[in-house]
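Coordinate inspection notes
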Amino acid sequence: MFDPRRHIRRGVVRVLFHFLGWLGIAVMFYVGFSFFFDTPLEYRMKYSTTEMRRQYEALSARYDSVELVLQNVVERDRNVFKILFESEPYDLEAETETERWMTYDKLLKKSPKELAAELDAKTRELNRKMAALQSRYDRLAGLVQNAGDAIDFIPAIQPVINPELTLLTASFGLRIHPFYKTLTPHQGVDYTVPEGSRVFATADGVVHDVTRNNSASGLSITIAHGKNYHTVYSHLSRANVRRGDRVRRGDIIALSGNTGLSLAPHLHYEVHHNGQRVNPIHYFFMELSPSDYRRIKEIARSGMQSFD
């Protein structure tokens, strides 16, 4: 006997099986298609990834090449420094870094009680030094006030533009002579500046002499500043002043050069006081902070060979 409900149920089951079958076929087709073929979005993503990988590899290769060239340049610079100055190049940052780590390591080993006691002692010492410094400052301010215009005659700046301080390569004292290779007194400081660099008067004064035929110092200028101060500027390429000219601190008096007995273009600068040559580094107080003063002393101490 025909049962309509059973017939409908079988039809629904048949349709459901057909649907599931076609759905399975569609899923298998999609999986197979995706396995062998890329969708437009997947293609763009793969192309972008491939391009990024290619650029990364190219940049890595370029970085390795630049790093190698930089290492060669650094090594060549160190070798040139050793040949010219017969000493190891200075590395102030490395020295400071080492000192900081040593101090930090010592602090870690101390107990809180020890740290508190050390801080208290350092605070008292700092207060004592500040009081002494204030007293010296007040005394110095009084001397400056009493000196009046006389301070303009003290050579108190560097004779060249040297904001990074690294142009000063040989200082006052015993240095290796560049030609004789023996320790000889170096009576001033050397600045490695390009030929034609501006040279400044370091204090007010009168041009005492312009020497043009000195085989050792080449073209040289001597300025008398009063208060028994004289300054000397040697190995110049051109003099902008003549004997008897009055100059003021900061005036351009010459251009640097490589005249006379000179290893390379540079300026040799001297300060004389009471007829004695003195270390010019101690007279840069108008433009150097205390930290700059310490740094320029370290830089000057690193070079053992002069340029003249």
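Residues numbered from 1 in each chain as written. Predicted model: local features only at pLDDT ≥ 70, side-chain atom pairs only at ≥ 80, totals over all residues. Heavy atoms only, no water.

Another aspect to go through is the overall build of the chain. Looking only at helices and strands, the chain features five helices and 12 strands. The buried share of the chain, reckoned over its 308 residues, is 27%. Taking contacts inside the chain between residues at least 6 apart in sequence as the whole, the part at least 24 apart equals 67%. (Helix = DSSP H or I, 4+ residues; strand = E, 2+ residues; numbered from the N terminus. Buried < 20%, exposed > 50% of the residue type's maximum accessible area, 1.4 Å probe, protein only. Contact = heavy atoms within 4.5 Å.)

Before going further, it helps to spend a moment on the pairing of strand β7 (residues 218–226). Within β7, seven of the nine residues are buried, which leaves the element mostly enclosed by the surrounding structure. Across six bridges, β7 lies against strand β8 (residues 229–239) in antiparallel orientation. By the bridge assignment, Ile221 is partnered in β8 with Tyr233. (Pairing = 2+ DSSP bridges.)

This brings us to the packing of aromatic side chains. For the structure on display, the rule yields two aromatic pairs. Relative to Tyr283, the ring of Tyr229 has its centre 5.8 Å away and its plane inclined at 75 degrees; by these criteria the two rings are edge-to-face. Here Tyr229 is found in strand β8, whereas its partner Tyr283 is found in the loop between β12 (276–278) and α5 (290–302), with 54 residues between them in sequence. Residue Tyr283 is classed as buried on the basis of its relative accessible area, which comes to 14%. Ring centres of Tyr233 and Tyr269 lie 5.3 Å apart, and the angle between their planes is 45 degrees; this geometry places the pair in the tilted category. Remark: Tyr269 occurs in strand β11 (residues 267–273) and Tyr233 occurs in strand β8; sequence separation between them is 36 residues. Look at Tyr233 and you get buried, because its relative accessible area is 0%. Assessed through its relative accessible area of 0%, Tyr269 is described here as buried. (Phe/Tyr/Trp six-rings, centres within 6.5 Å; stacked < 30°, edge-to-face > 60°.)

Another aspect to go through is unusual backbone geometry. With phi around 65 degrees, Asn228 is a residue other than glycine that occupies positive phi space. Mapped onto the elements, Asn228 comes out in the loop between β7 and β8.

Further remarks concern the nonpolar core. Formed by 31 residues in total, the largest nonpolar core has its most connected members in Ile221, Tyr233 and Ile253. The dominant element in this core, judged by the number of residues it contributes, is β8, at four residues. (Core = buried A, V, L, I, M, F, W, Y, C linked by side-chain atoms within 4.5 Å.)

A word on the pairing of strand β10 (residues 252–256). Where burial is concerned, most of β10 is hidden: four out of the five residues are buried. As judged from the three bridges shared by strand β5 (residues 198–200) and β10, these two strands associate in the antiparallel manner. Within the sheet, the bridge partner assigned to Val199 lies in β10 and is Ala254. As paired elements, β8 and β10 share three bridges and run antiparallel to each other.

Okay, the side chain of Thr231 next. With respect to the helices, strands and loops of the structure, Thr231 is situated in strand β8. The exposure class assigned to Thr231 is buried, which follows from its relative accessible area of 0%. Reaching out from Thr231, the side chain makes a polar contact with the side chain of Tyr233 at a distance of 2.8 Å. (Polar contact = N/O pair within 3.5 Å; in protein donor to acceptor, adjacent residues only side chain to side chain.)

Right, let's get into a nonpolar patch on the surface. Nonpolar side chains collect at one region of the surface, where Leu16, Leu20 and Leu23 lie side by side and expose about 270 Å² of accessible area between them. The residue Leu23 is located in helix α1 (residues 4–36) in this model. Taking relative accessible area as the criterion, Leu23 reaches 41% and is therefore assigned partly exposed. (Patch = residues over 30% accessible without salt bridge, like charges linked within 9 Å, V, L, I, M, F, W, Y side chains within 5 Å. Areas by Shrake-Rupley, 256 points an atom, 1.4 Å probe, with all protein chains shown as cover. Salt bridge = Lys/Arg side-chain N within 4 Å of Asp/Glu carboxyl O.)

Structurally, the position occupied by Ala254 is in strand β10. Relative accessible area serves as the criterion here: at 0%, Ala254 is assigned to the buried category. Between the C-alpha atoms of Ala254 and Leu236, which are 18 residues apart in sequence, the distance is 6.9 Å. If near-sequence neighbours (up to four positions away) are discounted, Ala254 is found in contact with Ser197, Arg198, Val199, Ile221, Leu236, Arg238, Ala239 and Asn240.

With that settled, the discussion passes to the pattern of salt bridges. One pass over the structure, following the stated rule, counts five salt bridges. Glu118 is paired through a salt bridge with Lys122; the nearest N and O atoms lie 3.1 Å apart. Of this pair, Glu118 and Lys122 both sit in helix α4 (residues 112–147), separated by four residues, roughly a single helical turn. You can call Glu118 partly exposed: its relative accessible area is 22%. A residue is classified by how much of its surface remains accessible, and Lys122, at 52% relative accessible area, is exposed. Notably, a salt bridge pairs Arg124 with Asp120, separated by 2.1 Å at the nearest N-O pair. Taken together, the positions of Arg124 and Asp120, both in helix α4 and four residues apart, correspond to about one turn of that helix.

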